[in-house]
Amino acid sequence: MQQDQNNISESLEKLQKLLEKLFRADDAELDFGIYRIINHRRKVIQNYIDEELPAEINKVLDENAEIESDREKLEDLKKDVIAAFGGDALDADGNLIDESIKERPGVKKYLEAKEEFGNPQTRDQRSDNVFNHLYTFFSRYYDNGDFIPRRRYSQTERYAVPYNGEEVYLHWANKDQYYVKSGEHFSDYRFKSYDITVIFDLREVDIEKDNVKGAKRFFIPLSAETTYKSETDEVRIPFEYRPLTDEEKSLYGSQKQQDKIIDAAEQEIIEQLGSHYEIQSELGHEKDEVTLLKKHLRTYTRRNTADFFIHKDLRQFLNCELDVYIKNEVIPLTELILTKHFLTKEREYSASNSIIRNGLD
């Protein structure tokens, strides 16, 4: 189902951007490791984000026609009251202002319908609620690309520990996750942009021997040795991984050295490719105020210097978290117990409940 881009709501667009970030849509040009697997399924993933997900939500909303029917019926009765008694008869929320007319047949019918239906939302409002719930659920466990398995409990007690009655139970923030020390493996890095392949070629690695803690190491691009092969359309940028020299320490200071190294190297590499204008233009193209080259220099250095975790059973974890989220955020049970409009509320929330579960699948 093709969507008019001008009619895409802000909440849907926000959700789609989050999903693209989670599925590394902005790394489509990478051609190694896990990125190669993602790229193999990228069209399917992108089609789901752009087409199938909005269509599925629309389908579920269409199946809840009772809510729209109730809203239209209440709106017609409200118009009748305003037509008979003027715009001052009701406030902005549809509540009766003049109590002296509450026994009038038209007003009484309107108040009874309002008591029965509550304040049903428009279809667009319900659609936005679904998108916002999906965005909130998935974003609460991710921080700058990392998955944070914080078990939610309720709106009051924020987190829970999965305790099953053991006499002694140990728990830590990253339990059920495999720890991967990225610095233990070094490899070349490559990405594609149109017909150009750029390779970061790691030539020399200087690491600590026998786990002896030594000077801090950095990825140093050898910018002056950047080469371009026209027959293969390959740009090769050599790197070293080593401590800084005394001259480099003076140049880059004592804080954020790797960022400063990247900033300096970016300009030097662009200048080194000065005789190849199209390549220079492509690598220097800015998106979100960052050039393509700098984006990948940052990704490469972070990939090899930032440790990360892989969850053992992410699907099971998210399913458990989804139960908590729905009970506390989508269908607050305390609110439903207290309200007189249980059935109406249940219908209003059913679309969100259904689509969030389908979205997780």
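Residues numbered from 1 in each chain as written. Predicted model: local features only at pLDDT ≥ 70, side-chain atom pairs only at ≥ 80, totals over all residues. Heavy atoms only, no water.

Undergrad: Is there a simple way to think about the nonpolar core in this case?
TA: Across soluble globular proteins, nonpolar side chains have a tendency to be buried as a group. Counting 22 residues, the largest nonpolar core has Val198, Phe200, Ile237, Phe239, Leu283 and Leu293 as the members making the most contacts within it. Excluding residues within four positions of it along the chain, Ile237 makes contact with Val198, Ile199, Phe200, Asp201, Thr226, Ile269 and Leu293. If you look at the next biggest cluster of nonpolar residues, it comprises 21 residues, including Ile49, Leu53, Leu61 and Phe317. (Core = buried A, V, L, I, M, F, W, Y, C linked by side-chain atoms within 4.5 Å. Buried < 20%, exposed > 50% of the residue type's maximum accessible area, 1.4 Å probe, protein only. Contact = heavy atoms within 4.5 Å.)

Undergrad: Help me understand the confidence of the model for the chain in this model?
TA: Any residue range with low pLDDT should be treated as having predicted coordinates unsuitable for detailed reading. Taken residue by residue, the chain gives an average pLDDT of 75. The fraction at 70 or more is 73%. Confidence over residues 1-7 falls short of pLDDT 50; this stretch has nine contacts with residues more than four positions distant or in other chains. (pLDDT = per-residue confidence, 0-100.)

Undergrad: Sorry if this is basic, but what is going on with the pairing of strand β5 (residues 196-205) here?
TA: Remark: a regular strand shows side chains that alternate across the two faces of the sheet. Of all 10 residues that make up β5, seven are buried, and the element is covered over most of its length. Sheet topology note: the strand β4 (residues 189-193)/β5 ladder contains five bridges and is antiparallel. By the bridge assignment, Arg190 is partnered in β5 with Ile199. Counted along the chain from β4 to the antiparallel partner β5, the turn is two residues long, and its residue Tyr194 has a positive phi close to 60°. Two strands pair when backbone bridges link them, and β5 and strand β8 (residues 234-242) are joined in this way by eight bridges, in the parallel orientation. By the bridge assignment, Val205 is partnered in β8 with Tyr241. (Helix = DSSP H or I, 4+ residues; strand = E, 2+ residues; numbered from the N terminus. Pairing = 2+ DSSP bridges.)

Undergrad: Please explain the environment of Thr227 as it appears in this structure.
TA: Looking at the secondary structure, you find Thr227 in strand β7 (residues 227-229). Between the alpha carbons of Thr227 and Leu273 there is a distance of 7.9 Å; along the sequence they are 46 residues apart. Residues in contact with Thr227, not counting those within four places in the same chain, are Glu234, Val235 and Arg236.

Undergrad: Hey, could you run me through unusual backbone geometry in this one?
TA: Generally, phi is negative for residues other than glycine and the peptide bonds are trans, each holding for most cases. Positioned with a positive phi, Asp233 is a non-glycine residue whose angle comes to about 50°. The topology assignment puts Asp233 in the loop between β7 and β8. Relative accessible area serves as the criterion here: at 26%, Asp233 is assigned to the partly exposed category. A positive phi angle is found at Lys256, which is not glycine, with a value near 50°.

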